[in-house]
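Examination of the molecular architecture
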Amino acid sequence: MRFTEHPDLEPLTDGELADLVEPRPNIVLQALRDPWAALARVLARPAVVNALFAYAVQRPFYTLYHEDGSIYMTRLWLLPRWCLRWVDDNRGGHYDVRSWVPIRPRLHIIHTPDYDREKHDHPADYRTLILDGYYVEEDIFCVKRLLRAGDTEKRRAQDFHRIDSVSPAGVLTLFTFFGGKRHTWGFLLGGRKVPHYDYAAAKAAAEAA
Ligand SMILES: [Fe+2]
């Protein structure tokens, strides 16, 4: 469950987006320097995106919602069914990954920005490849970076950030954690990390003080 604070976020204007675009090198040169970057550009081709989506849409993980019930993130496994097990829930069921599976790639459809004002970290290191659309990420220094279809980034678990803006139809990414769980994820509140399960109470307490 995410916390709804900023349901009225405005998408970036075309001019603001253009200012954030970074030029890309020739794909062959890029492949020599950073194979992940070249792979992201190949996977972001429409025919590949369509094939990946057609495969993953039959393997839904549970969906994340905002506190007001609106949809935040659709998640789909990019794994064969023998790596997954079916779990009944109150939303029609979903697949979970079997515990022995070492890599756990998923497609994520991020429908909205992160509504939380505070930045969060993640439980493990991760890699994301942008397949369709874009998002603008704000790091711990409040520096904004545009990630668009064909871009990729690798982040450490402790890298605090938030998604500030997404393309109007949402953004499709290929996401995977790697390296195992490092810590309990949480939010940066008043210069201190608060575990995600304490965030709502800590934020309410901070606002009341
Ligand atoms: Fe995040």
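Just above, that's the structure.
About the cut-offs
- Residues numbered from 1 in each chain as written.
- Predicted model: local features only at pLDDT ≥ 70, side-chain atom pairs only at ≥ 80, totals over all residues.
- Helix = DSSP H or I, 4+ residues; strand = E, 2+ residues; numbered from the N terminus.
- Rg over C-alpha atoms; globule rule 2.2 N^0.38 Å.
- Buried ≥ 20, exposed ≤ 12 C-beta atoms within 10 Å, placed from the backbone.
- Contact = placed C-beta atoms within 7 Å.
- Pairing = 2+ DSSP bridges.
- Axes fitted to C-alpha atoms, helices over the stretch in contact; angles between N-to-C directions.
- Core = buried A, V, L, I, M, F, W, Y, C linked by C-beta atoms within 7 Å.

A word on the overall build of the protein. Counting secondary structure elements, the protein contains five helices and 13 strands. Here the C-alpha radius of gyration of the protein, 18 Å, is about what a compact globule of 209 residues would show, namely 17 Å. Seen through its principal axes, the protein has C-alpha atoms that stretch 55 × 45 × 30 Å. Considering the protein as a whole, with its 209 residues, one finds that 23% of them fall into the buried category. In the protein, the proportion of contacts linking residues at least 24 apart, taken out of those at least 6 apart, comes to 68%.

A separate point is the sheet that holds strand 5 (residues 106-110). Ordered in space as 1-2-5-11-6-9, the six strands form an open sheet in which the pairing is antiparallel. At either end of the open sheet lies a strand with only one pairing partner, and these are strand 1 (64-65) and strand 9 (152-155). Looking at chain direction, strand 1 and strand 2 (residues 71-77) are connected through two bridges and run antiparallel. Looking across to strand 2, one finds that Tyr65 is bridged to Ile71. Relative to strand 6 (residues 125-132), helix 3 (residues 35-43) is tilted by about 35°, and along the sheet it contacts strand 6, strand 9 and strand 11 (171-178). Sitting on the sheet, helix 4 (residues 46-56) is in contact with strand 2, strand 5, strand 6 and strand 11, with an inclination near 100° to strand 5.

Glancing now at the nonpolar core. One finds Leu107, Ile110, Ile130, Leu131, Tyr135 and Val171 to be the most contacted residues of the largest nonpolar core, which totals 24 residues. Every element with two or more residues in this core is listed here: strand 2, strand 5, strand 6, strand 7 (134-139), strand 8 (144-148), strand 10 (161-166) and strand 11. Aside from chain neighbours lying at most four places away, what touches Tyr135 is Ile110, Leu147, Ile163, Ser165, Val166 and Val171.

Strand order across the open sheet formed by three strands is 8-7-10, with antiparallel pairing between neighbours. Looking at which strands have only one partner, the edges of the open sheet turn out to be strand 8 and strand 10. Pairs of neighbouring strands in the sheet enclose a mean axial angle of 30°, with direction left out of account. Sheet analysis places strand 7 next to strand 10, joined by five bridges and oriented antiparallel.

Right, let's talk about the pairing of strand 2 for a bit. Here strand 1 hands over to strand 2 after five residues, with Gly69 in that stretch at a positive phi of 95°. Inspection of the sheet shows strand 2 paired to strand 5 by five bridges, in the antiparallel sense. Bridge assignment links Arg75 to a residue of strand 5, and that residue is His108.

Here strand 3 (residues 84-87) pairs with strand 4 (residues 94-97) via four bridges, running antiparallel. What sits directly across from Arg85, in strand 4, is Asp96.

For the rest of this paragraph, the subject is unusual backbone geometry. In the Ramachandran plot, Cys142 falls in the positive-phi region, its phi being about 65° despite a non-glycine side chain. Within the secondary structure layout, Cys142 lies in the loop between strand 7 and strand 8. Classification of Cys142 as exposed rests on a count of 9 C-beta atoms within 10 Å.

Turning next to the environment of Arg98. As for its position among the elements, Arg98 is in the loop between strand 4 and strand 5. Sequence separation between Arg98 and Leu84 is 14 residues; the distance between their C-alpha atoms is 5.3 Å. Those residues in contact with Arg98, other than ones at most four positions away along the chain, are Cys83, Leu84 and Arg85.

Among the secondary structure elements, Asp164 is positioned in strand 10. Along the sequence, Asp164 and Asn26 sit 138 residues apart, while their C-alpha atoms lie 29 Å from each other. Non-local contacts of Asp164, meaning those with residues more than four positions away in its chain, are made with Pro113, Val136, Glu137, Glu138 and Lys144.

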